[in-house]
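# Topology and contacts: notes
As a plain string of letters, each chain reads:
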Amino acid sequence: MRVLIPGITGQLGRMVATRLLEEGHEVIGIDRRPWPTAPAGIEMHNVDLQKRAAEDVFRKTRPQAVIHMATVTHLVEQTEERYRINLGGTRVVFDNSRACGVEHVIFVGRHTYYGAGPESPLYHTEEDPPMAVSTFPELADLVAADLYACTALWRAPELCTTVLRMCYTLGPTGHGTLASFLRGPHVPYVLGFDPLFQFMHEQDVVTAICLALEKRIRGVYNVSGPQPVPLSLIIRAAGRVAVPLPEFVLRNALGRFGLPKLPRAALTHVKYPVVVDGAAFRAATGFKHAIDEAQAIREYRDAHPVPASRP
């Protein structure tokens, strides 16, 4: 199958592209960033997704499937650029896919779509509404991109549209929000809260995306792996020091004293992290995670050890 991947040079994009190539697919990539070490056989196009050159790639290569991974978080880009990339880029992907006869589009989203809060259910299902816009404004562009992708299910019935809401990833590449939060030697959490965090190994994420392509499922699906784990246990297993702080202290200490730099609204996600029910995806694809939570943390810890303290 001829598969086009916008956002191919991201860590997960590279892994998905490599896996698909190994499985015998023809892989084409679009990204503003170069990939100098791309495996032979991957056709790269270093263009902006919203420029005419990207439309030309769709038109000339005529992909059968598109895996849209060209979205970014608040940790990577500022607000205006995020909206351009996330919402604008998603619209371009679907418009070009319809115009060029693409059969299947997979939008790779995030489980934080659902938002965090004390009233949230322990396990979100695909029918739950997005609350992230009100609880975490920095996620509004990602929520908007997800919702736009969902509208293709009725706006573009000729497309097989798959929306995947992936839980946090963890593994040796250090990719993702949870991995970034754990990066420093001291990891804070709100005093009196030790919530369950849900994550899966990045190789299992790749497997899930490839299964969605293989099974050609249509609809919206939560994707999760092992059982959720208490945050304090994750911190200790990653070789870090857990630092419980009163919320008002932590709010003012973010980005200082070696603590992670996060928007203040992100503290809601530290107190009440999103956990999703992935049963529908497992039923539709037969997906089973291969790497448990302990190994995922261990591989992250081994690849990103705590820097030695200066004397």
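Refer to the structure printed above.
Attention here is on the structure that accompanies the text. Please read these numbers as outputs of a predicted model, since none were measured by experiment.

### Quick look at the pattern of salt bridges
Taken as a whole and assessed by the stated rule, the structure comprises 13 salt bridges. Across the pair Asp-56 and Arg-59 runs a salt bridge, and its minimum N-O distance is 2.8 Å. Here Asp-56 and its partner Arg-59 are both found in helix α2 (residues 52–61), three residues apart, which amounts to about one turn of the helix. The residue Glu-158 makes a salt bridge to Arg-98 at a minimum N-O spacing of 2.9 Å. On the criterion of sequence distance, the pair formed by Glu-158 in the loop between α5 (140–155) and β6 (160–166) and Arg-98 in helix α3 (residues 79–99) is long-range, its members being 60 residues apart. Judged by its relative accessible area of 47%, Glu-158 is partly exposed. Each of the salt bridges in this network shares a partner with another, and the network as a whole consists of Arg-52, Glu-55, Asp-56 and Arg-59.

### A look at the sheet that holds strand β1 (residues 2–6)
Whether parallel or antiparallel, the strands of a sheet pair through hydrogen bonds between backbone atoms. An order of β3-β2-β1-β4-β5-β6-β11 is seen for the seven strands of this open sheet, with the pairing classed as parallel. Each of the sheet's edge strands pairs with one partner strand only, and the pair in question is β3 (42–45) and β11 (219–223). Within this sheet the neighbouring strands show an average axis-to-axis angle of 20°, counted without direction. Here β1 runs beside strand β4 (residues 65–68); their pairing, made up of two bridges, is parallel.

### Describing empty space enclosed by the protein
Under the definition given, this model contains one cavity of 30 Å³ or more. As a volume, the largest cavity reaches approximately 80 Å³.

What counts, and where the lines are drawn
- Residues numbered from 1 in each chain as written.
- Predicted model: local features only at pLDDT ≥ 70, side-chain atom pairs only at ≥ 80, totals over all residues.
- Heavy atoms only, no water.
- Salt bridge = Lys/Arg side-chain N within 4 Å of Asp/Glu carboxyl O.
- Helix = DSSP H or I, 4+ residues; strand = E, 2+ residues; numbered from the N terminus.
- Buried < 20%, exposed > 50% of the residue type's maximum accessible area, 1.4 Å probe, protein only.
- Pairing = 2+ DSSP bridges.
- Axes fitted to C-alpha atoms, helices over the stretch in contact; angles between N-to-C directions.
- 1 Å grid on protein atoms, 1.4 Å probe; cavity = no way out; pocket = protein on both sides within 12 Å on 5 of 7 lines; lining within 4 Å.
- Points joined across faces, edges and corners; volume = space filled by probe spheres on them.

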